[in-house]
Amino acid sequence: MKVKLSESNKIDQQQVLAELRSMQAQLAEVLVLTKDSRARLEAGLQMLRRTVVNINQRICPTVFIVLPRDFEDKEPLMEKKAGSASVERVKKIYSFVTDSSARQDMLVDLLNEKEYLALVCELCHQPQRPAIELTKPKEIVGKILPLAKVGLKVVCTVSNVSSLGRVFGFPTPVLPPEAVDQAKGFLESVGKSSMDDFKELQKRAKRDHGGEEKQAKEGAGGGGADEEQDMREGYCAREFRHFLKEVDPKDEWCGLSAKVTDDGYVFFGCKECCSKK
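Residues numbered from 1 in each chain as written. Predicted model: local features only at pLDDT ≥ 70, side-chain atom pairs only at ≥ 80, totals over all residues. Heavy atoms only, no water.

Visitor: Give me the lowdown on the overall build of the chain, citing residues and values where you can.
Guide: Along the backbone of the chain there are twelve helices and six strands. Evaluated residue by residue, the chain yields a buried proportion of 51% over its 277 residues. Contacts in the chain between residues far apart in sequence, at least 24 positions, make up 76% of those at least 6 positions apart. Of the roughly 13900 Å² of accessible surface on the chain, 50% is carried by carbon and sulfur atoms. (Helix = DSSP H or I, 4+ residues; strand = E, 2+ residues; numbered from the N terminus. Buried < 20%, exposed > 50% of the residue type's maximum accessible area, 1.4 Å probe, protein only. Contact = heavy atoms within 4.5 Å. Areas by Shrake-Rupley, 256 points an atom, 1.4 Å probe, with all protein chains shown as cover.)

Below, the structure written as structure tokens:
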């Protein structure tokens, strides 16, 4: 069956094609990875395949985490309890994609007026600096949080204390011991969780939070087969791409760049990883 595209979808396709062409220069260099680097990359891409139809058709990074505070913030913690409170808030935010019983209507109330997001290198699995400031988190987080589950699972593969701090918004391991134990326990449980529920999480995100495409489709009386096609194309990934283009129109991506391996994997890596391979 031929699906008729709306005007907004046509414009979006044109933008995608233009951005794919602009990536060709970045992809000209083929990287030969070490065995360890390849294993890390493939582990992350395997999870990402559950969320994106074709990972080699991505035109921007899609692995990221949501932070409770900017890890560039040099302001010290006022009290030890602040570290534990930060960990607890991250757990609550991510409970909306790790706990099927979590009430979705509570997510907006949990979010602050300002949140942060960090892109993740797909080779070293480290959150990148600087973090991206979310000035309207209540409008965007619900739409992209299912996709952030991949980023959190990827970061879980790096378990040193410094990495734990960066997941929860701290530049150095300043978390008190009890918060470190909380953080480790939480990330271990996330690491063991499955991506099998991603399709349902994505449907719930679209139903509860919508987006430009949903609004246009509802206004035109769309649905049915169009809705199924839309879900297959990756609602969360598309909403994230729109958001990233808005906040980073020059595609700087916190220093990440698109690269291709000798066996054809397209990925987004940091400068350090791409230089040492």
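Anyway, onward from the coordinates.
Visitor: Before we move on, could you go through the sheet that holds strand β4 (residues 132-134) and cite the residues and values that matter?
Guide: Strands sit in the order β2-β3-β4 across an open sheet of three strands; the sheet is antiparallel. Two strands bound the open sheet, and with one partner strand each, they are β2 (64-67) and β4. The average angle at which neighbouring strand axes cross in this sheet is 30°, direction not considered. Pairing analysis gives four bridges linking β2 to strand β3 (residues 115-119), with the strands arranged antiparallel. Pairing of I65 across the sheet is with A118, part of β3. (Pairing = 2+ DSSP bridges. Axes fitted to C-alpha atoms, helices over the stretch in contact; angles between N-to-C directions.)

Visitor: Quick one: what's the story with the confidence of the model for the chain, residue by residue and with numbers?
Guide: Segments scoring low in pLDDT should not have their predicted coordinates read at a detailed level. Per-residue confidence for the chain gives a mean pLDDT of 76, with 69% of residues at or over 70. Contacts for the low-pLDDT stretch residues 214-231, under 50 throughout, to residues beyond four places or in other chains number 19 contacts. (pLDDT = per-residue confidence, 0-100.)

Visitor: Outline the environment of Y94, listing residues and values.
Guide: Of note, Y94 is situated in helix α3 (residues 81-98). Taking C-alpha positions, Y94 is 7.5 Å from K149, a pair spaced 55 residues apart along the chain.

Visitor: Which residues make up helix α2 (residues 35-48), and what are the values?
Guide: For α2, which comprises 14 residues, the first-to-last C-alpha distance of 20 Å matches the rise-based estimate of 20 Å (1.5 Å per residue) to within 8%. All buried positions along α2 are accounted for by S37, R38, L41, G44, L45, M47 and L48. Where the residues of α2 are buried, they touch α5 (137-155), β5 (257-261) and β6 (266-269). (Expected span 1.5 Å × (residues − 1).)

Visitor: Pulling in residues and values, what's your account of helix α7 (residues 177-192)?
Guide: For α7, spanning 16 residues, the distance from its first C-alpha to its last is 23 Å, which sits close to the expected 22 Å at 1.5 Å a residue. When α7 is considered as a whole, its buried residues turn out to be A179, V180, A183, F186, L187 and V190. Considered in projection along α7, the buried side chains sweep an arc of 135° and stay on one side of the axis. Exposed and facing more than 90 degrees away from the buried side of α7 are P177, D181, E188 and K192. (Arc of directions from axis to C-beta.)

Visitor: So, the pattern of salt bridges: which residues are in play, and what are the values?
Guide: Considering all chains together, one arrives at ten salt bridges under this definition. With a shortest N-O distance of 3.0 Å, R38 and D262 are connected by a salt bridge. Linking R38 in helix α2 with D262 in the loop between β5 and β6, this pair joins segments that are 224 residues apart in sequence. A relative accessible area of 44% means that D262 is categorised as partly exposed. Ionic pairing is found between E115 and R89, a salt bridge with its closest N-O pair at 2.9 Å. Note that E115 is positioned in strand β3 and R89 in helix α3, a separation of 26 residues in sequence. The class of E115 is buried, set by a relative accessible area of 0%. (Salt bridge = Lys/Arg side-chain N within 4 Å of Asp/Glu carboxyl O.)

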